[in-house]
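# Fold and geometry: a report
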Amino acid sequence: MFFSNFRRILLKLSGEAIKGSREYGIDPKYLVYIAEEIKSAIDLGVQVAIVIGGGNIFRGLAASENGMDRVAADYTGMLATVMNSLALKDALSKVGIDSRIQTAIEMKEIAEPFILDRARSHLIKERVLIFAAGTGNPYFTTDTAALRATEIDADALFKATKVDGVYSDDPMVNASAIKYSELSYMDVLRQELHVMDSTAISLSKDNDMPIVVFDMNES
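Definitions and cut-offs
- Residues numbered from 1 in each chain as written.
- Predicted model: local features only at pLDDT ≥ 70, side-chain atom pairs only at ≥ 80, totals over all residues.
- Heavy atoms only, no water.
- Axes fitted to C-alpha atoms, helices over the stretch in contact; angles between N-to-C directions.
- Helix = DSSP H or I, 4+ residues; strand = E, 2+ residues; numbered from the N terminus.
- Left-handed = near helix turned anticlockwise from the far one by under 90°.
- Contact = heavy atoms within 4.5 Å.
- Nonpolar A, V, L, I, M, F, W, Y, C, P; charged D, E, K, R; others polar.
- Salt bridge = Lys/Arg side-chain N within 4 Å of Asp/Glu carboxyl O.
- Buried < 20%, exposed > 50% of the residue type's maximum accessible area, 1.4 Å probe, protein only.
- Pairing = 2+ DSSP bridges.

### Topic: the packing of helix α2 (residues 28-42) against helix α4 (residues 70-94)
Their axes nearest at 8 Å, the elements α2 and α4 cross at an angle of 60 degrees. Where α2 crosses over α4, the handedness of that crossing is right-handed. Seen from α2, the contacting residues are Leu-31, Val-32, Ile-34, Ala-35 and Ile-38; seen from α4, they are Ala-87, Leu-88, Ala-91, Leu-92 and Lys-94. A per-class count over the contact of α2 with α4 returns nine nonpolar, no polar and one charged.

### Some words on the pattern of salt bridges
Evaluation of the coordinates by the stated rule reveals 13 salt bridges. The partner of Arg-7 in a salt bridge is Asp-155, and the shortest N-O contact between them spans 3.8 Å. Of the two residues, Arg-7 sits in the segment before β1 (8-13) while Asp-155 sits in the loop between α6 (147-151) and β6 (156-161), which places them 148 residues apart along the sequence. You can call Asp-155 partly exposed: its relative accessible area is 28%. In this structure, the salt-bridge partner of Arg-148 is Glu-151, at a minimum N-O distance of 2.8 Å. One end of the pair, Arg-148, and the other, Glu-151, are both in helix α6, three residues apart, so they sit about a helical turn from each other. Among the ionic contacts, a cluster of salt bridges with common partners joins Lys-12, Asp-143 and Lys-159.

### A short note on the sheet that holds strand β9 (residues 211-215)
If you walk across this open sheet you meet the seven strands as β4-β3-β5-β2-β1-β6-β9, and the pairing is parallel. The sheet is open, and its two borders are formed by β4 (112-113) and β9, each paired with just one other strand. Note: strand β3 (residues 99-103) against β4, two bridges, orientation parallel. Within β4, the residue paired with Thr-103 across the bridge is Pro-113. Relative to strand β2 (residues 47-52), α2 is tilted by about 150 degrees, and along the sheet it contacts β1, β2 and β5 (128-132).

Printed below as a string of structure tokens:
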């Protein structure tokens, strides 16, 4: 019942989450599992907004490191997040959840542009709100869309991962990695812990936005 401590949350899902057990792309069955987990939070009366990544389809930074222009690569990555958002919206509809997509890059045929007042209205009407295309700016990851948590007056930012918290090292690689029960923003930045990118951590620090890291494979 942990979610019930919060009135409104922003859930950060990586593109890696969407691919399930596949090497790349979208796993529709796993996406329905994610939708059911989101529904369980809504059933507790929590308003849920989501920022979704696109790494399961395209990684802008990796592409730029291999010779692609960074700006073009980042915009391509933003389009991948729109594809994931459409797939997630479909999965949410399958479990009976009404949702809306808002994009930082206008594409009115398939989604609304990001308009803050409209975003808040959707949440009040108990619709799940999916933010796509990051912030619409190259050189920023979708982690930086943590900015949306502050804009919509969320009580916390929930970061879904493959492990059950924050560790001193990757626990899947290093069995001696230490798990932290609580960290300050400065601890994360000083120790260069890969919770989210440093810009997202700094934004959260400046706005006193709590970050809850959890294992998305646990109900």
